[in-house]
Every structure is written in C-alpha cells, then in structure tokens.
Amino acid sequence: MRKINLLVTTVGGMTSPDILKALKNTLEYDINIIGVDAFEFAVGRKFVDIFEISPNSAIDETKFVEFIEKLARKYNIEVILPCGNEDNLVLAKFIEKMPCKVIVGQYQNLIKAYDKGIVYDELKSSIPEHCPKYFIVNSYFDFLESIKKIGYPDKKVVIKPRFGRGGRGVYILSDKFDFENIFKSKPTNEYPFNFFDRILKDQNKFDDLIVMEYLHDPYYSIYSICKDGENFFTLTHTREWGNASQTFRGKVYYDRKIEELASNIIKKFNLSYVNNMELATTEDGKIALFDLNPRIGASSGIDKDIGFNFPLETLKLALGEKIKIDKSKFQTPKTFLRYFDQVWL
C-alpha cells in the first residue's frame with residue numbers, strides 16, 4: 001500500500017473530522033496526516049497523526065507561507081490540502097514556494113470566485129435564471145434605494161459583505177417581528193430597519209455590501225469535483241434541518257440539472273478540485289446560487305459512507321491518477337443526521 005504524507009490546514013472546523021476521517025479510513029493508501037491550525041484546541045488535532053499550531057494566514061501571509069514550507073520539507077510532504085478560505089488563497093498566491101503539490105486552483109481564478117460581486121455579475125450576464133436579484137452598494141443613499149427595489153418593507157432583504165467568508169457578516173433585514181419569533185425561537189441574524197439605519201446612516205462611504213433578495217427553501221449544498229474548468233461529478237445535499245452553516249438533517253442524491261448548473265459555473269471560473277456551492281429558491285420557484293466556495297467543503301467528507309469519497313478522489317486528482325465515478329449509485333436519495341460527539345485531550 002502506497003504511503004502518502006499529507007498536510008491539511010485549518011483542521012479546527014466543527015466538521016473538519018469528516019474530511020480527516022475520509023482520508024484516514026481508506027484501503028487505497030496509507031495516509032499520514034500532518035494537521036495544522038492557528039487554534040491550539042482545534043478539534044482536528046485528535047484526528048491527525050501529527051498536529052502543529054500555525055500562524056494565522058489571514059493575519060500574516062508571509063509567516064504562514066514560511067511555516068507551511070518548513071513543515072512540508074520537515075515531514076517530506078507529498079501533497080498539501082488547504083481547508084480554510086484564507087489558506088486556500090494564500091497558498092495559491094505563493095504556490096511556487098511550496099516543495100510539493102497543493103490542492104488549490106489558480107490564484108487569479110480564486111480571487112474572482114471569492115468576489116460575490118463578480119460571481120453575481122457573471123450569473124446575471126450568462127445564466128440570469130440562476131441569479132438572485134441583487135445590488136452592490138457602498139453608500140447610505142444606494143442602500144436605501146436598493147432595499148426598496150428588492151421589495152422592502154413587504155419582503156425580507158439579505159445584506160452581506162461583498163468579500164465575506166464562511167457566512168460572516170450576513171444579516172436579514174425585516175420588520176416583521178412578534179413575541180413568538182423573538183422569545184420562543186432561537187436568535188437569528190434578522191434585524192429591523194433601525195438597526196442598519198444607525199450603522200450606515202453616518203457613513204459617507206463604506207466597503208461594498210451585497211443587498212440581495214431573500215431566498216427560500218429548499219436550500220441546497222452541492223459538492224463538485226473538477227479540474228481546469230471541467231466538472232466530473234456533482235452531488236446534491238438538500239438541507240431539511242439546520243442553519244446557514246450546517247445541515248443537521250439532509251438528503252444526498254445525484255441531480256443532473258443541478259450538476260449542469262455547477263458545470264456551467266465551474267467552467268466560467270475555471271475551477272479545480274472539490275468546491276462547494278450554496279443554492280436556494282426564489283419566490284417564483286427558480287434555483288439561484290447565493291454562495292460559491294472554491295475550496296473543499298468539510299461536509300463533502302460524509303459522502304464516503306454512500307459511495308463517493310470527495311477528499312480521497314481530489315487527492316488522486318492532485319497525484320495525477322484517474323478517478324472512477326458511478327453516478328447510478330446515487331439516484332435514490334439517502335438521508336443523513338448529523339450529531340455532536342466529543343474527544344478528550
């Protein structure tokens with residue numbers, strides 16, 4: 001059995017063990033995983049062979065790159081798998097400094113794919129039927145005009161940073177509150193107009209915000225494996241219960257039409273390896289893309305249990321090996337339940 005030394009970054013996510021277990025529990029390779037994270041108590045430290053605390057790539061790119069290069073040489077790393085958004089961008093930017101293969105797309109393509117403004121503009125231009133209604137604003141006046149055009153106050157409005165990562169800074173504007181949804185439900189990122197008014201009114205200019213129509217169920221998290229803009233396979237996860245970051249109950253299945261949409265987007269941005277897209281439904285029942293994550297999604301690791309191991313197959317792609325896909329195995333939806341577990345230090 002071939003032994004591979006693999007370095008995985010950002011192993012501290014709540015679902016990071018899904019990826020790590022998908023790589024460790026395979027009969028095809030003997031994978032020795034060196035995991036790194038900027039957080040000392042990253043849960044992934046218990047699912048790797050060696051754990052190291054790394055600099056934070058979002059704070060100091062140079063220190064992070066130097067640290068990863070040093071580790072790659074120290075442990076004779078054959079492949080690096082970056083899992084965090086910033087790690088992904090930084091390693092793509094400085095890929096020539098790495099002494100091994102890196103599972104990452106080209107930097108210029110990633111910069112575009114992480115820019116929600118560019119992504120929505122591309123959707124609007126080429127596949128408008130899958131683009132949500134949106135505006136890019138950076139002034140208080142434009143903010144007021146955009147929410148009216150979307151339909152506020154009769155409709156909810158989503159407000160988020162143009163360059164946000166991982167659901168950070170995403171809010172919902174709504175003035176439809178009552179006792180039940182305030183005191184008998186878990187808090188959400190839903191706020192009335194005066195909340196945003198107080199924050200934005202005194203700002204002449206601010207960093208670009210996306211003001212977007214509110215999308216509805218069903219929500220889809222889709223995972224694709226691709227190379228140089230060619231999509232090989234997409235699996236659909238339908239969220240039945242969960243939140244914007246996690247699905248606690250969902251169905252997994254193959255959907256040809258959703259795969260065609262994913263293939264179109266992958267081609268537009270020339271993406272490689274595993275990526276994640278978030279889709280939801282417009283008022284008139286159309287499926288719209290609202291988030292594109294051009295890096296491996298932790299939840300893609302669970303699909304190994306039903307016959308396709310995304311982390312392992314993307315490792316094969318990086319090694320130049322062929323991957324095998326039998327789409328017929330996923331015609332019948334399968335339901336999963338996600339639950340919490342614990343590890344002891």
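Residues numbered from 1 in each chain as written. Predicted model: local features only at pLDDT ≥ 70, side-chain atom pairs only at ≥ 80, totals over all residues. Heavy atoms only, no water.

## So, the overall build of the chain
A count of helical and extended segments in the chain gives ten helices and 16 strands. For the chain, whose C-alpha radius of gyration is 21 Å, the value lies close to the compact-globule estimate of 20 Å for 345 residues. Taken over the C-alpha atoms alone, the chain extends approximately 60 × 45 × 40 Å along its principal axes. Residues classed as buried in the chain amount to 52% of the 345 residues present. Entry remark: accessible area of the chain is about 17,500 Å², with carbon and sulfur atoms responsible for 50%. Within the chain, one finds 49 positive and 48 negative side-chain charges whose respective centroids are separated by 2 Å. (Helix = DSSP H or I, 4+ residues; strand = E, 2+ residues; numbered from the N terminus. Rg over C-alpha atoms; globule rule 2.2 N^0.38 Å. Buried < 20%, exposed > 50% of the residue type's maximum accessible area, 1.4 Å probe, protein only. Areas by Shrake-Rupley, 256 points an atom, 1.4 Å probe, with all protein chains shown as cover. Lys, Arg positive; Asp, Glu negative; His and termini not counted. Charge placed at Lys NZ, Arg CZ, Asp CG, Glu CD.)

## What about the sheet that holds strand S10 (residues 209-213)?
A sheet is described by the order of its strands in space; here five strands give the open sequence S6-S10-S7-S8-S9, paired in mixed fashion. Strand pairing shows two members of the sheet lacking a second neighbour, strand S6 (134-137) and strand S9 (190-191), which therefore form its edges. The sheet contact formed by S6 and S10 spans four bridges and is antiparallel. Note on S10: the bridge partner recorded for phenylalanine 135 is valine 211. (Pairing = 2+ DSSP bridges.)

## Re helix H10 (residues 310-318)
Burial of H10 is extensive: nine of the nine residues sit out of reach of the surface. When H10 is considered as a whole, its buried residues turn out to be Phe310, Pro311, Leu312, Glu313, Thr314, Leu315, Lys316, Leu317 and Ala318. Glycine 320, located one to two residues past H10, shows a positive phi value of around 80°.

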